[in-house]
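An overview of the molecular structure
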Amino acid sequence: MKFYSRKNTLDYPVSVSPMGEIAGHPVGPGMFDVNGAMALQCGVNFTVHTHFGTSCELLLFHRGEEEPYAVLPFPDAYKIGDVYSMIVFGLNIEDFEYAYRIDGPHSPKNGMLYNKKSILLDPYARAVAGYRSWGKKKVGFYHGRVVRDIFNWGEMPQSTRELSDLVIYELHVKGFTYHPSSGVKNRGTFAGLMEKIPYLKELGINAVELMPVFEFDETMNAREVDGEVLLDYWGYNSVSFFAPKGSYAASEEYNQEGTELKQLIKALHDHGIEVILDVVFNHTAEGNEHGSTFCFKGFDNKVYYMLTPEGNYYNFSGCGNTLNCNHPIVRQMILECLRYWTVSYRVDGFRFDLASILGRNEDGSPMNNPPLLESLAYDPVLSRVKLIAEAWDAGGMYQVGSFPANRRWAEWNGRYRDAVRSFLKGDYWEARGAAWSIGGSGDLYGGYYSDYDGSYAGYNSCVNFLTCHDGFTMYDLYSYNEKHNQNNGWGNTDGADDNRSWNCGAEGETKDPEVLNLRWRMIRNACAVLMCSRGTPMFFAGDEFGNTQYGNNNSYCQDNEISWLNWENLETHRDLFAFFRFMIAYRFRHPVIRRELPGAVCGMDPIRVYDVRAEKVELLKETWTFSLCFAGYDRERGEDDLVCISINTYWEDVTIMLPRFHNQVAWYLSVNTYGDNEGRYTYPEGSGVRIDHEFIMRPRSVAVFTGRSTKTSSSQI
């Protein structure tokens, strides 16, 4: 007689009756091919593996207790290869937490750290117990909790949007709504973010990128600086790759952890917003040889981490250790993890922190064709999710434009950030790089057709950004010449020094109206250029209403008003919000900005300074001003799609000549960041001023022109 247990849609044959008894619990051999702990109708299946370990014990704890009420050694008969698997019959998942102890050789110089006394968290744990309260340090060890997945996704299909059709909004789950001004009931949680979905819809973005939501311990490196407790606020120190952050849930989720996150993702999907997770597979929170042992070190230190010949930790992450990503066991774990989040949480994509580490060999050397990256690129479950690399690491490897992509990976375009930041503040020598970047970085990614998914891979390989969590906000980018990280407690030595920022004439806060007017115009310039650039635009939450971090460009430890969004700024700067909203809608209205379209039927004379249509750059030396034109035929609307963006970074007026059309089509002004006499910056199509070839660009401003027929007019944006 066999008992069948259901896991998702697969049936696993399980012996109906126990084969023995250990520590008073009836047990039997488990399902060796199912990692982690899984609830069955007859009990719970526990499966772990260790390559060099010699024995394994399962520890069961009553909820919240540190001493196990039962210790169950795995019999030799419950081991196949390196895998231990056991069903413990009659267990109620709500009654216990669990961990492991692994015995084996202890030889740090040889990378062996086995200690039978170390209590270890399951690397595949779907939930970590005891971390419901944010900022409250947990005493004791990490325990896992068994999760029962009963969430109903209905018939929600997977998104088929191209990456280039997204506008990505990066945010921190806690900081987005924790400030009292957010006006939500469940501040700092997944539920609080769900309350803000109407705002996201109003803004117009169609993708959110969530900073780490894997379980992390924000108190691990807690310290006090000038009376302020500093925590690991950002969360880039993963404790568990499979478990959601417990304190981001507004309510208790015993044994149903992740439900609130799934509700958030489903609600976002229902409103047409995709979800991308920022994932950290380059290191863990166990640190270096002076760090703690709570999971991977105790299971297989030599397998999970890159070690020097002396047994110390390579530190290509800048955080103490480096995950050995291309070891077959680690590679399998990462692949299984991403599959889990794709299937069980229906996420639409992943942004990989310090992704160049994923391409390093076990000795730290770069690999030509990293097995992990290839596995993720061609995995059938992951075939339609977005894979986005931060294509550098803390060890000096910089791969923007050369990440081993297999025509599947996109990259955060660090060169776009640097070139456009520099040019917008007046570094004319960056004009050529800025022009290439705005036109789609064809010199890095090309515009080639991908036989993998039938798209123009070049435009789906490039995520353009000027701001993100790491660095200045957009307001601070034009308010500070230097970083101001004194509150971090490191003597202002942390954080990037190469910010390419400009304070517009006064460092920090000022009441000078000329400085302030220039700052707001520079922000509008940055927004207009970002939304009119080929590739995928991304910006940091709060940029749309002038959020400031008071010059701190590395707020990783600031769980306070430096990092929390102050929503009062939304009311104060409604005009800036309206500008962002207009530019996002304008981008969606004009597909020629996002991708190559068939040739326009109207035809037009070439741009005098810059012509992107033939993928060629012709810039004059010492150019503070240039124009870039996108032209193509929009088959869906049955009309030409014509957009021209002109950028003047000079401090005086500059007269530009727009290209002439060969038939009854004319340019109409859609955006002027300098503003007109009535204080308007944007003009819905059909109401803009017609421009007859010549236009005066005001100082340090951006203008966007739309080409349309002179016979008819459009009332759409």
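So, how was this worked out
Counting of residues starts from 1 at the beginning of each chain's written sequence and follows it residue by residue. Note on the predicted model: pLDDT of at least 70 is required for a residue's local features to be given, and 80 or more for side-chain atom pairs to be given and counted; whole-chain, interface and lining totals, by contrast, use all residues. In computing side-chain values, all of the structure's heavy atoms are included and hydrogens and water are not. Throughout, an axis means a line fitted to C-alpha atoms (over the contacting stretch in the case of helices), and angles, computed between N-to-C directions, take values from 0 to 180 degrees. Secondary structure elements are taken from DSSP: a helix is a run of H or I of four residues or more, a strand is a run of E of two residues or more, and numbering for both begins at the N terminus. Here the angle decides the label: under 35 degrees means roughly parallel, over 145 means roughly antiparallel, 65 to 115 means roughly perpendicular, and every other value means oblique. The sense of a crossing depends on the near helix, which, turned anticlockwise from the far helix by less than a right angle, makes the crossing left-handed and, turned clockwise, makes it right-handed. Here, two residues are considered to be in contact whenever any of their heavy atoms come within 4.5 Å of each other. Residues were grouped as follows: Ala, Val, Leu, Ile, Met, Phe, Trp, Tyr, Cys and Pro as nonpolar; Asp, Glu, Lys and Arg as charged; and all remaining residues, including Gly, as polar. Summary of the burial criterion: residues with accessible area below 20% of their type's maximum are buried, those above 50% are exposed, and those between are partly exposed, where the area comes from a 1.4 Å probe applied to protein chains only. Two strands qualify as a pair provided that DSSP identifies no fewer than 2 bridges between them.

Take the packing of helix H8 (residues 414-424) against helix H9 (residues 431-438) next. Orientation of H8 relative to H9, taken along the N-to-C sense of each, is 125 degrees, at an axis distance of 8 Å. In terms of orientation, H8 and H9 fall into the oblique class. The chirality of how H8 crosses H9 is left-handed. Each of Arg415, Tyr416, Ala419, Val420 and Phe423 in H8 lies in contact with H9, whose residues at this interface are Ala431, Gly433, Ala434, Trp436, Ser437 and Ile438. Residues that form the contact of H8 with H9 fall into these classes: eight nonpolar, two polar and one charged.

Once that is clear, we can look at the pairing of strand E15 (residues 207-210). Residue alternation in E15 divides its side chains into two sets, Ala207 and Glu209 and Val208 and Leu210, and both sets are buried. Sheet analysis places strand E14 (residues 168-171) next to E15, joined by four bridges and oriented parallel. Across the sheet, the residue bridging to Glu170 is Glu209, located in E15. Two elements, E15 and strand E20 (residues 274-279), share four bridges in a ladder whose sense is parallel. Counted as the bridge partner of Glu209 is Ile276 from E20.

Before going further, it helps to examine the sheet that holds strand E21 (residues 349-352). Ordered in space as E14-E15-E20-E21-E22-E23-E24-E25, the eight strands form a closed barrel in which the pairing is parallel. Here the average twist between neighbouring strands, direction ignored, is 25 degrees.

To continue, consider the environment of Gly192. Within the secondary structure, Gly192 sits in helix H2 (residues 190-195). By relative accessible area, Gly192 is classed as buried at 0%. Taking the C-alpha atoms as reference points, Gly192 and Ala250, 58 residues apart in sequence, are found 7.9 Å from one another. Aside from chain neighbours lying at most four places away, what touches Gly192 is Thr177, Val184 and Asn186.

Pairing between the strands of a sheet is mediated by backbone hydrogen bonds and can be parallel or antiparallel. One open sheet accounts for three strands, arranged E8-E7-E11; its pairing is antiparallel. The open sheet has two free edges, formed respectively by strand E8 (70-73) and strand E11 (97-103), since each of these has just one partner strand. The mean angle between the axes of side-by-side strands here comes to 25 degrees, regardless of whether they run parallel or antiparallel.

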